[in-house]
Amino acid sequence: MSGEVDFNVGYPSWRAPMMGRNAVATSQPLAAQAGLRMLQQGGNAVDAAIATAMALTVVEPTGNGIGSDAFAIVWDGQQLHALNASGRAPAAWKQEDFAHLSAMPETGWDAVTVPGAVSAWVELAARFGSLPLTTLAQPAIEYARNGFPVSPLIGELWQRGYNKLRDQPGFSACFAPEGRPPRTGELFRNPAQADTLEKIAVTNGEAFYRGELAEKIVACAREHNASLTLDDLKNHQADWVTLLSRPFAGGSVHELPPNGQGIATLMALGILEQWDIGSYQPDSVAWLHLSIEAMKLALVDLDRYIADEDHLEFPAELLLSDEYLQSRAALIDPTKAGDFTFGAPSQSGTVYLSVADASGMMVSFIQSNYMGFGSGVVVPGTGISLQNRGAGFATDKAHPNVVAGGKRPFHTIIPAFALDSDGQPLMSFGLMGGPMQAQGHLQLALRIMLHKQNPQAAIDAPRWRIVAGREVSVEASIDRNTLAALRAMGHKLVVEDPLQSYNFGGAQVIVRDPQGFYIAATESRKDGQALVF
């Protein structure tokens, strides 16, 4: 990619791309610095990723916690590896218990599935790490015990989370101990979380799934008549899985298989290749229209078919076949917006960080409580906030994603990776933000891989987000004449307040230059930081 990156293209931003032989990019500066510390202590990219992830549970509790789920893609210097560390539903859950609901609960214990993030840290450290977990946990422990200043966006989201979840078990005692959430710039301490991280590190995760912490989690569940048991925690397993991929722009894009939504990005890219999307100028009316239409087609299939991989109606790869994607592309009208239904392929599933080191190892990692603080449930005396991934299930027994005991729910969080034409790493990238994630992956891949925009420009560029049907939210920075033309084509556009720009996700990207260094970029809509040396 040397000489191909366009550093002249730019969009309004406070940030510039960072370049160096080692890089960390994530959504909170203190967490990025935790990863950098590990690299400077002789650790590798996986060590840095774990330290960053653990620190994020402390300094960005509005998006993740110790009770999160996680996914990762690792380039070990030779090949890609993928880890699904999302948890399963408690074994006692039954579809009949939720059948009277139109949607799954989003708060409280009825939204909590087994947390998987801790198992991700343990698995990654065991297979690829070079430093002990006790060392990797140290920055997070220090932030929790000594306190950290709350950064601006996180302060705002903390207040919103408090307004929604203050009455959930353990929430206010942990996150609003003075009767209110901390304000931007205030120091916040969480000594209970520091103790918990120490126990996880010393026991290599055993305390969380089989020991003292597991017993506290289950005791809290029992107190609130919840279904989660010690056996549910003991039986949890993170799985190494085979990535899905599509060729694109001379290289290839790689996503985890279901239960995540990464397949939607691959489908949309495949559909756009049928339209020769590279022949259109980025940000032009035609480019935006085709991109939106391709993503809409992918999302309706995602909504209909994607579930835990063990419960799919057919292999996910069928949705990526050339024949099927050609048939979907043929549904796009280049002159007007469509309102699509799902197809039928022939038969024969947040916080994000990216790290790269001088040895060539790269990591794409994401972990999340799902909706902000997640379920709102915090296990007393531990600082363990629990995700609400159960909300990702369907209640309709005819849907492949219907709720069931021991089953993984549909997941929004997805890390991504791209290789170049020689099968060498091109970039580690991701964009947190619920249903925005697959859409954001598409927009980043188009800009960086096809149009050679530098990663910071690709992040800063105006974004769009499909809501439903023909409704699309767009950023106010898109040209007004372009918006008028899209409306004339039938798109129902909602221009969002620039102060709500975080609704369009938070991206982190590290691009590898063949000369032996990295180009790192971080989200200009959030509090993040890209660090290099």
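As the structure is a prediction and not an experimental result, all values here were calculated from the model.

J.: Explain the packing of aromatic side chains here, please?
T.: Summed over the entire model, instances satisfying the criterion amount to 11 aromatic pairs. Through a chain of ring-to-ring contacts, the aromatic side chains of Phe 148, Trp 158, Phe 171, Phe 175, Phe 188 and Phe 373 assemble into a single cluster. A cation over an aromatic ring shows up here: Arg 127 above the ring of Trp 240, its NZ or CZ 4.5 Å from the ring centre. When the ring centre of Phe 504 is taken as origin, the NZ or CZ atom of Arg 465, which lies over that ring, is 4.9 Å away.

J.: Whenever I open this one, the pairing of strand 20 (residues 517-522) confuses me. Can you help?
T.: Residues in a regular strand project their side chains so that they alternate between the two faces of the sheet. Most of strand 20 is tucked away, with five of its six residues classed as buried. Here three bridges tie strand 1 (residues 18-20) to strand 20, and the two strands are oriented antiparallel to one another. From the neighbouring strand, Gly 20 faces strand 20, where its bridge partner is Tyr 518. Hairpin remark: strand 19 (residues 506-513) followed by strand 20, antiparallel, with three residues in the connecting loop; positive phi at Gly 516, about 105°.

J.: Help me understand the nonpolar core, please; the structure alone is not making it clear to me.
T.: The nonpolar side chains of a soluble globular protein tend to be buried with one another. By size, the foremost hydrophobic cluster in this structure holds 106 residues, and its most contacted members are Ile 50, Trp 109, Trp 121, Phe 208 and Phe 365. The dominant element in this core, judged by the number of residues it contributes, is helix 2 (residues 45-59), at 12 residues. The residues contacting Phe 365, other than those within four sequence positions of it, are Ala 53, Ala 70, Phe 71, Ala 72, Ala 120, Trp 121, Leu 124, Val 351, Tyr 352, Leu 353 and Pro 415. Counting 65 residues, the second largest nonpolar core, distinct from the first, contains Leu 266, Ile 306, Met 427 and Ile 519.

J.: What is the right way to look at the sheet that holds strand 17 (residues 471-475) in this model?
T.: Strand pairing in a sheet relies on backbone hydrogen bonds, with the paired strands running either antiparallel or parallel. Sheet architecture is open: three strands sit in the order 16-17-18, paired in mixed fashion. Of all strands in the sheet, those with a lone pairing partner are strand 16 (464-468) and strand 18 (492-496), marking the two edges. Within the sheet, the average angular offset between the axes of one strand and its neighbour, ignoring direction, is 30°. The pairing of strand 17 with strand 18 spans five bridges and is parallel. Bridging across to strand 18, Val 474 finds its partner in Val 495. Its contacts with the sheet put helix 14 (residues 285-305) on strand 16 and strand 17, and the angle it makes with strand 16 is roughly 45°.

About the criteria used
- Residues numbered from 1 in each chain as written.
- Predicted model: local features only at pLDDT ≥ 70, side-chain atom pairs only at ≥ 80, totals over all residues.
- Heavy atoms only, no water.
- Phe/Tyr/Trp six-rings, centres within 6.5 Å; stacked < 30°, edge-to-face > 60°.
- Lys NZ or Arg CZ within 6 Å of the ring centre and 35° of its normal.
- Buried < 20%, exposed > 50% of the residue type's maximum accessible area, 1.4 Å probe, protein only.
- Helix = DSSP H or I, 4+ residues; strand = E, 2+ residues; numbered from the N terminus.
- Pairing = 2+ DSSP bridges.
- Core = buried A, V, L, I, M, F, W, Y, C linked by side-chain atoms within 4.5 Å.
- Contact = heavy atoms within 4.5 Å.
- Axes fitted to C-alpha atoms, helices over the stretch in contact; angles between N-to-C directions.

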